Amino acid sequence: MKMFRYKLEPYKGMKTRFCCPKCGKKNVFTKYVDTESNAYLNELVGCCNRMLKCGYHYKPREYFQDNNISSAISFKSKGIGDKKSKLKTSFIAIDMMQKSMSGKNYFIDYLASLWDVETANFLKEKYNIGTSKYWSGATVFWQVDKERRVRSGKIMLYNPKSGKREKKPFNHINWVHSVLKLKDFNLDQCYFGEHLLVEDKNKPVAIVESEKTAVISSIYLPEFIWLACGSVNNLNASKTKCLKGRSVILFPDLKCFDIWNDKIPTFTNLATFRTSTLLRDYATEKEKDMGLDLADYLVRIKP
């Protein structure tokens, strides 16, 4: 019988059931525990028992993937959730990023279908959107910091017509340094689009979850510098140091408003933060259940 290191915590009374991070209901959320340490894996990793009305289920493997943790062993050795690893940050040669700026790219095709080829190419150059041969038509969202150093690139595959991520028969997501099998590579992520901060030090900043949303929003709402953190859990103090002194507005997906809004008190010493209530106030219940983001609304209109 196969044994799993991480499992949903067995019921031992209401003390083992928590508030769901998605629907907000109390005493319905079961967390995953590490059977070796008997500790919770992460506050957001677990399952809501309201499967029909809510359906939230954030699995350990998804948590590892979102945070670029290749295995349970690396999770334990790096001390994720405790103290940040003090290993020296690794970088990728900038010419590798530059070489990826050509080729068939389904995400760029989708952007061209929204506007035109010229606008799509403009966004490609602005946000360092590369192409990977790992999957045919795959996109590389390069993470470049304020010093123009390439942290790594997230490889993803999109449908060129719908602009949606390809998640079947598996979730098409990987990292450049993993594909290249770079030895002892220590990924220290930065915000996608961070390199744009040096262009205007007074312009307000907007943060969304997905790279796709940041790119699209930059056309509709150019009064902001648009950044993406890559996943709901990647909005953190470590990345936010680059925003010191800035005015920042958060645009969380409909499922993540409370999660992001609750983080603001931990960032107030770095920048001025507020959370947009636009989607939460105007979305229908169906749209909230779907977990739509800002880009889902913006693409419905022509800029």
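It should be noted that the structure appears before, not after, this text.
All values derive from a computational prediction rather than experimental measurement. (Residues numbered from 1 in each chain as written. Predicted model: local features only at pLDDT ≥ 70, side-chain atom pairs only at ≥ 80, totals over all residues. Heavy atoms only, no water.)

Caption draft 1: Representation of the overall build of the protein within the structure. Counting its regular elements, the protein contains 12 helices and 13 strands. By its C-alpha atoms, the protein is 60 × 50 × 45 Å across when sized along the principal axes. When burial is assessed residue by residue, the protein has 50% of its 303 residues classed as buried. Pairs at least 24 residues apart make up 58% of the contacts formed inside the protein by residues separated by at least 6 positions. Split by element, the accessible area of the protein, about 16300 Å² in all, is 53% carbon and sulfur. Positive and negative side-chain charges in the protein, numbering 52 and 32 respectively, have mean positions lying 5 Å apart. (Helix = DSSP H or I, 4+ residues; strand = E, 2+ residues; numbered from the N terminus. Buried < 20%, exposed > 50% of the residue type's maximum accessible area, 1.4 Å probe, protein only. Contact = heavy atoms within 4.5 Å. Areas by Shrake-Rupley, 256 points an atom, 1.4 Å probe, with all protein chains shown as cover. Lys, Arg positive; Asp, Glu negative; His and termini not counted. Charge placed at Lys NZ, Arg CZ, Asp CG, Glu CD.)

Caption draft 2: Here's a closer look at helix α4 (residues 106-114). If you check which residues of α4 are buried, you get F107, I108, Y110, L111 and L114. Down the axis of α4, the smallest arc covering the buried residues is 155 degrees, so these residues share one side. The N-cap residue of α4 is N105: its side-chain oxygen and the backbone nitrogen of F107 are 3.0 Å apart. (Arc of directions from axis to C-beta. Polar contact = N/O pair within 3.5 Å; in protein donor to acceptor, adjacent residues only side chain to side chain.)

Caption draft 3: Seen up close, the pattern of salt bridges. Overall, the coordinates contain 13 salt bridges when judged by the stated rule. Across the pair D109 and K104 runs a salt bridge, and its minimum N-O distance is 2.8 Å. Residue class for D109 comes out partly exposed when judged on its relative accessible area of 28%. Here the residues in one salt-bridge network are D145, E147, R149, R151 and D188, joined through shared partners. (Salt bridge = Lys/Arg side-chain N within 4 Å of Asp/Glu carboxyl O.)

Caption draft 4: Representation of the pairing of strand β11 (residues 225-228). Of the two faces of β11, the one carrying I225 and L227 and the one carrying W226 and A228 are both buried. Of the strand pairs in this sheet, strand β10 (residues 205-208) and β11 are connected by 4 bridges, and their pairing is parallel. Bridged to V208 within β11 is A228. Once the chain exits β10 it traverses helix α7 (residues 211-220) before rejoining the sheet at β11, and the crossover so formed is right-handed. (Pairing = 2+ DSSP bridges. Right-handed = clockwise from strand over helix to strand, strands pointing away.)

Caption draft 5: Representation of the packing of aromatic side chains within the structure. In this structure the tally under the stated criterion is 17 aromatic pairs. Ring geometry for W226 versus F251: centroids 5.2 Å apart, planes at 40 degrees, classification tilted. With a gap of 25 residues between them, W226 in strand β11 and F251 in the loop between β12 (247-250) and α9 (257-261) connect regions that are remote in the sequence. Across the pair, exposure class does not vary: W226 and F251 are buried alike. Aromatic rings pair up to connect F107, Y127, F141, Y158 and F192 into one cluster. Here K31 stacks its cationic end above the ring of Y40, 4.8 Å away from the centre of that ring. When the ring centre of F257 is taken as origin, the NZ or CZ atom of R280, which lies over that ring, is 4.3 Å away. (Phe/Tyr/Trp six-rings, centres within 6.5 Å; stacked < 30°, edge-to-face > 60°. Lys NZ or Arg CZ within 6 Å of the ring centre and 35° of its normal.)

Caption draft 6: Structural view of the environment of W142. Of note, W142 is situated in strand β7 (residues 138-144). Judged by its relative accessible area of 2%, W142 is buried. When near neighbours in sequence (up to four residues on either side) are disregarded, W142 contacts I92, M96, M97, S100, Y127, N128, G130, V150, S152, G153, V176 and F192. Here the side chain of W142 touches S100 through a polar contact of 2.9 Å, side chain to side chain.

Caption draft 7: View of the side chain of N128. Mapped onto the elements of the fold, N128 is located in the loop between α5 (117-127) and β6 (129-132). Within polar-contact distance, the side chain of N128 engages the side chain of H195 at 3.4 Å. With residues near it in sequence (within four places) discarded, N128 still touches M97, M101, V140, W142, V144, R148 and H195.

Caption draft 8: Region of the structure containing the nonpolar core. Membership of the largest hydrophobic core comes to 69 residues, with the highest contact counts inside it found for L111, I207, W226 and L243. The dominant element in this core, judged by the number of residues it contributes, is α4, at 5 residues. The residues touching L243, leaving out its near neighbours within four places in the chain, are Y191, L197, V205, I207, L227, V248, L270, A271 and F273. (Core = buried A, V, L, I, M, F, W, Y, C linked by side-chain atoms within 4.5 Å.)

Caption draft 9: Fine view of the sheet that holds β10. The parallel open sheet is built from 4 strands, whose spatial order is β11-β10-β12-β13. Single-partner strands in this sheet number two, and they are β11 and β13 (272-275). Here the average twist between neighbouring strands, direction ignored, is 25 degrees. Relative to β12, β10 runs parallel, the two sharing 3 bridges. Bridge pairing links A206 to I249 in β12. Here α7 sits on the sheet and contacts β10 and β11; the angle it forms with β11, its principal contact strand, is near 170 degrees. (Axes fitted to C-alpha atoms, helices over the stretch in contact; angles between N-to-C directions.)

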